[in-house]
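Summary of structural features
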Amino acid sequence: MHSVTIRIIVLAIAALPLAGCESIAISALGGGTSAGVSYSMAGKVSRTFTASLPKVQAAALAALQRMDIDVLSIDKVKGGKEINAKSINRTIYIKLEEISPNATRMSVSAKSGIFRSDTATGAEILLQTDREMGGP
């Protein structure tokens, strides 16, 4: 019993540096995703668009509709908007942050269960949003 407790404590201490790892992100270059997509350790994908928040929001909603993902709510939050959506077995959280009148950061978190992130679905939502705005 004592050995299990020590292992749990060691694992908890080892995991402490991972808290707040959203700042550790890598860019996806190629591989079917658009350059400039960042992946965080927390399973969130994000990208900055050179477009106004209303334009990015409209494109994101069109992308969700194209993917047959139901929008549950759109909430105004400090600095932007949050879109909550649901598919058959995923919960989608989208945050739109106004950087300037012509720049908007979009972050997508797709979850299946409490701890399981689906970065592929988040990246596809970003890609489809880009396509809705006239991207490749």
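1. A closer look at the overall build of the protein chain
From N to C terminus, the protein chain includes three helices and seven strands. The N-to-C order of helical and strand elements in the protein chain reads α-β-β-β-α-β-β-β-β-α. Within the protein chain, counting contacts between residues at least 6 apart in sequence, those at least 24 apart form 43% of the total.

2. Comments concerning the side chain of Arg47
In this fold, Arg47 is placed in strand β3 (residues 44-49). Classification of Arg47 as buried rests on a relative accessible area of 15%. One polar contact links Arg47 to Asp130, side chain to side chain, over a distance of 3.2 Å.

3. Digging into the nonpolar core
Among the nonpolar cores identified, the biggest contains 18 residues, and Leu64, Ile92, Ile94, Leu96, Met106, Val108 and Ile125 are the most heavily contacted of them. Contributions of two or more residues to this core are made by β3, α2 (53-66), β5 (80-86), β6 (91-100), β7 (103-111) and α3 (119-132). The greatest single-element share of this core, amounting to four residues, is contributed by α2.

4. Quick notes on the pattern of salt bridges
Summed over all chains, the structure comprises three salt bridges. Between Arg66 and Glu132 there is a salt bridge; the shortest N-O distance is 3.5 Å. Of this pair, Arg66 sits in helix α2 while Glu132 sits in helix α3, and the two are 66 residues apart along the sequence. With relative accessibility at 32%, the residue Glu132 sits in the partly exposed group.

5. Focus on the confidence of the model for the protein chain
In the predicted model, the protein chain carries a mean pLDDT of 79, and the fraction of residues at 70 or more is 68%. The lowest-confidence element of the protein chain is strand β1 (residues 25-30), averaging 37 in pLDDT; the highest-confidence one is α2, averaging 97. When the criterion is pLDDT under 50, residues 19-34 qualifies, and its contacts beyond four places in sequence or with other chains add up to 27 contacts.

6. Some details on the environment of Glu98
Examined against the element boundaries, Glu98 turns out to sit in strand β6. Classification of Glu98 by relative accessible area gives partly exposed; the value is 45%. Each residue touching Glu98, except ones within four places of it in the same chain, is listed here: Leu53, Gly79 and Ala103.

7. A look at the side chain of Ser112
Here Ser112 is to be found in the loop between β7 and α3. Note on Ser112: relative accessible area 16%, which makes it buried. The contact partners of Ser112, leaving out residues within four places of it in the chain, are Asn89 and Arg90.

Conventions and cut-offs
Numbering of residues starts from 1 in every chain and runs along the sequence as written. With the structure being a predicted model, the display of local features is reserved for residues of pLDDT at least 70 and the display and counting of side-chain atom pairs for 80 or more, all residues being used for whole-chain, interface and lining totals. Each side-chain value is derived from all of the structure's non-hydrogen atoms; neither hydrogens nor water enter the calculation. Per the convention used, a helix needs a DSSP run of H or I reaching at least four residues, while a strand needs a run of E reaching at least two, with both numbered from the N terminus. Residues are treated as being in contact if the distance between any of their heavy atoms lies within 4.5 Å. For the exposure calls, accessible area comes from a 1.4 Å probe over protein chains only, and a residue counts as buried if that area is under 20% of its type's maximum, exposed if over 50%, partly exposed in between. Two N or O atoms form a polar contact when they lie within 3.5 Å of each other; inside protein one atom must be a possible hydrogen donor and the other a possible acceptor, and for residues adjacent in sequence the pair counts only when both atoms belong to side chains. Each nonpolar core is a collection of buried residues, namely Ala, Val, Leu, Ile, Met, Phe, Trp, Tyr and Cys, held together in the definition by side-chain atoms within 4.5 Å. For this document, the term salt bridge refers to a Lys or Arg side-chain nitrogen within 4 Å of an Asp or Glu carboxyl oxygen. Values of pLDDT, the confidence the predictor places in each residue, fall between 0 and 100.

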